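# Observations on chain architecture
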Amino acid sequence: MSRDLFDVAGLHVLVTGATQGIGRMIAEGFAGRGAAVTVTSRTESDCTALAEALGEGAEAVAVDLSADDGADALAARIAERPLDVLVNNAGVTWGAPLEEYPDHAWDRVIGLNLKAPFKLTVACLPALRRAVRRRGRASVINIGSVDGLLVPRWESYAYSSSKAAMHHLTRHLAKRLAPEQITVNAVAPGVFPSRMTGRAFTDGESAEIVGATPLGRLGEADDIAGAALYLASPAAGWVTGVVLPVDGGWGTLR
């Protein structure tokens, strides 16, 4: 067994939606283990601050992936950089009662959560293929959700649908790109503390979720970072098309 089985040092990683929540946890996880991380979000000041906090090797690129040309613009701005790992994390949710759920919510959520990751993955293929030629493989890691695996309790119709679609898109891309030695996997997180969940849940609901989670707590940074690090590392070199729940048993054991 290789001593470097879980080593990601020296890998070049792009994390979208990196300045808060799960995206930041993943970016910090890679940077803390020696990867060169490029972070992106809509706000340039937030990206720059995070890159400075991550330290040497980190770079910031501010792009709005919800824009029609966002994915192509991001790929163009990093075109000259190596890219071993693409983490498609940027996303948005929307809650509203069933009979009031607006059309524009579907457009916004599906556009950012599903269409943008697809477009960015395609736009980054030249860089990922260069990584394969350089080191034998490259990785795409999509961030789905446990709400894409089960029927959620909240009226987040577009969000849960987009994440279920993301899981299937992951499998579809994995099959297409496997001959090129580009693995494509997804992580399906449960509830992690973030700005998004802070807006969505009351303190009582958070306590209820913890009580219903077999492992008895919300997710922590190492939980989600560890899953992403595994999927990018040599340990997952023969793993593709997988949707990995990281939920403390919230969805998987109900």
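Within an unreviewed UniProt entry, the label attached to the chain reads SDR family oxidoreductase, and the organism entered is Actinomadura rugatobispora. In the Sequence similarities (unreviewed entry) part of its UniProt record, the chain is described as follows: "Belongs to the short-chain dehydrogenases/reductases (SDR) family."

This part covers the overall build of the chain. Within the chain one finds 9 helices and 7 strands. For 254 residues, the compact-globule estimate of 2.2 N^0.38 gives 18 Å, and the C-alpha radius of gyration of the chain, at 17 Å, lies within 12% of that figure. Residues counted as buried form 48% of the 254 residues belonging to the chain. The contacts of the chain with a sequence gap of at least 6 include a subset with a gap of at least 24, amounting to 70%. Counting every atom, the chain has about 12100 Å² of accessible surface; 53% of that belongs to carbon and sulfur. A gap of 8 Å separates the mean positions of the 24 positive and 28 negative side-chain charges of the chain.

Right, let's get into the nonpolar core. Among soluble globular proteins, nonpolar side chains are generally buried collectively. Ranked by size, the top nonpolar core spans 36 residues in total, and within it Leu65, Leu74, Ile78, Leu83, Cys124, Leu128 and Ile182 carry the most contacts. Not counting the four nearest positions on each side in its chain, leucine 83 is found in contact with His12, Val13, Leu14, Ile78, Cys124, Ala127, Leu128 and Ala131. The next biggest cluster of nonpolar side chains, apart from the first, holds 32 residues, and it includes Val15, Ala18, Val87 and Ala228.

Attention shifts here to a negative patch on the surface. A cluster of acidic side chains, namely Asp64, Asp68, Asp69 and Asp72, defines a negative patch on the protein surface. Among the secondary structure elements, aspartate 69 is positioned in the loop between strand S3 (59-62) and helix H3 (70-77). Accessibility expressed as a relative area gives 51% for aspartate 69, which makes it exposed.

Positionally, threonine 121 belongs in helix H4 (residues 103-123). Judged by its relative accessible area of 2%, threonine 121 is buried. A distance of 3.1 Å separates the side chain of threonine 121 from the side chain of asparagine 88, its partner in a polar contact. Apart from residues lying up to four places away in sequence, threonine 121 is in contact with Leu86, Asn88, Val140 and Leu173.

With that out of the way, let us pick up the pattern of salt bridges. Considering all chains together, one arrives at 9 salt bridges under this definition. Put simply, glutamate 59 and arginine 81 hold a salt bridge, and the shortest N to O gap is 3.3 Å. Remark: arginine 81 occurs in the loop between H3 and strand S4 (85-88) and glutamate 59 occurs in strand S3; sequence separation between them is 22 residues. Note that arginine 134 and aspartate 84 form a salt bridge whose closest N and O atoms lie 2.4 Å from each other. With a gap of 50 residues between them, arginine 134 in helix H5 (residues 125-135) and aspartate 84 in the loop between H3 and S4 connect regions that are remote in the sequence. Classification of aspartate 84 by relative accessible area gives buried; the value is 1%. What emerges from the salt-bridge pattern is a single network uniting Asp84, Arg134 and Arg135.

Here tyrosine 159 shows up in helix H6 (residues 157-177). When sequence neighbours within four positions are dropped, the list of residues in contact with tyrosine 159 reads Val92, Thr93, Tyr101, Val109, Asn113, Ser145 and Asp147.

Positionally, glycine 23 belongs in helix H1 (residues 21-31). Here the alpha-carbon distance between glycine 23 and aspartate 247, two residues 224 residues apart in the chain, equals 16 Å. Here glycine 23 is in contact with Val15, Gly17, Ala18 and Asn89, once residues within four sequence places are set aside.

A full pass over the atoms with the stated rule returns 2 aromatic pairs. Ring centres of tyrosine 101 and tryptophan 106 lie 5.9 Å apart, and the angle between their planes is 65°; this geometry places the pair in the edge-to-face category. Relative accessible area serves as the criterion here: at 12%, tyrosine 101 is assigned to the buried category. According to the relative accessible area criterion, tryptophan 106 is partly exposed, its value standing at 32%. Consider the rings of tyrosine 101 and tyrosine 157, whose centres lie 5.4 Å apart with planes at 85°: the pair is edge-to-face. Here tyrosine 157 lies in helix H6 and tyrosine 101 lies in the loop between S4 and H4, a separation of 56 residues in the sequence. Classification of tyrosine 157 as partly exposed rests on a relative accessible area of 26%.

Parameters at a glance
- Along every chain, residues carry numbers that run from 1 in the direction the sequence is written.
- In keeping with the model being predicted, local features are shown solely for residues with a pLDDT of at least 70 and side-chain atom pairs are shown and tallied solely at 80 or more, while totals for entire chains, interfaces and linings include all residues.
- Side-chain metrics rest on all non-hydrogen atoms present in the structure, leaving aside hydrogens and water.
- UniProt positions are given in the numbering used here, feature names are shortened, and annotations may be inferred rather than shown by experiment.
- Only DSSP runs of H or I reaching four residues or more are called helices, and only runs of E reaching two or more are called strands; each is numbered from the N terminus.
- We compute the radius of gyration from the C-alpha atoms alone; for a globule the expected value is 2.2 Å times N to the 0.38, where N is the number of residues.
- Buried residues are those whose accessible area, probed at 1.4 Å on protein chains only, stays under 20% of the maximum for their type, while exposed residues exceed 50% and partly exposed ones sit between those limits.
- In this description, contact between two residues means that some pair of their heavy atoms is separated by no more than 4.5 Å.
- Only the protein chains shown count as cover for residues, and all accessible areas are computed by the Shrake-Rupley method using a 1.4 Å probe.
- Under the convention used here, Asp and Glu are negative, Lys and Arg are positive, and both His and the chain ends fall outside the count.
- Charge positions come from single atoms, namely NZ of Lys, CZ of Arg, CG of Asp or CD of Glu.
- Among buried residues, those of type Ala, Val, Leu, Ile, Met, Phe, Trp, Tyr and Cys that are joined through side-chain atoms within 4.5 Å constitute a nonpolar core.
- Patches here are clusters of residues that have more than 30% relative accessible area and form no salt bridge, with a 9 Å joining cutoff for like charges and a 5 Å cutoff for nonpolar side chains (Val, Leu, Ile, Met, Phe, Trp, Tyr).
- Throughout this description, the term salt bridge denotes a Lys or Arg side-chain nitrogen within 4 Å of a carboxyl oxygen of Asp or Glu.
- Pairs of N or O atoms are called polar contacts if they sit within 3.5 Å, as long as, within protein, a hydrogen donor faces a hydrogen acceptor (for residues adjacent in sequence, only side-chain-to-side-chain pairs).
- Aromatic rings from Phe, Tyr and Trp, taking only the six-membered ring of Trp, are treated as a pair when their centres fall within 6.5 Å; an angle between ring planes under 30 degrees marks them as stacked, one over 60 as edge-to-face, and anything in between as tilted.

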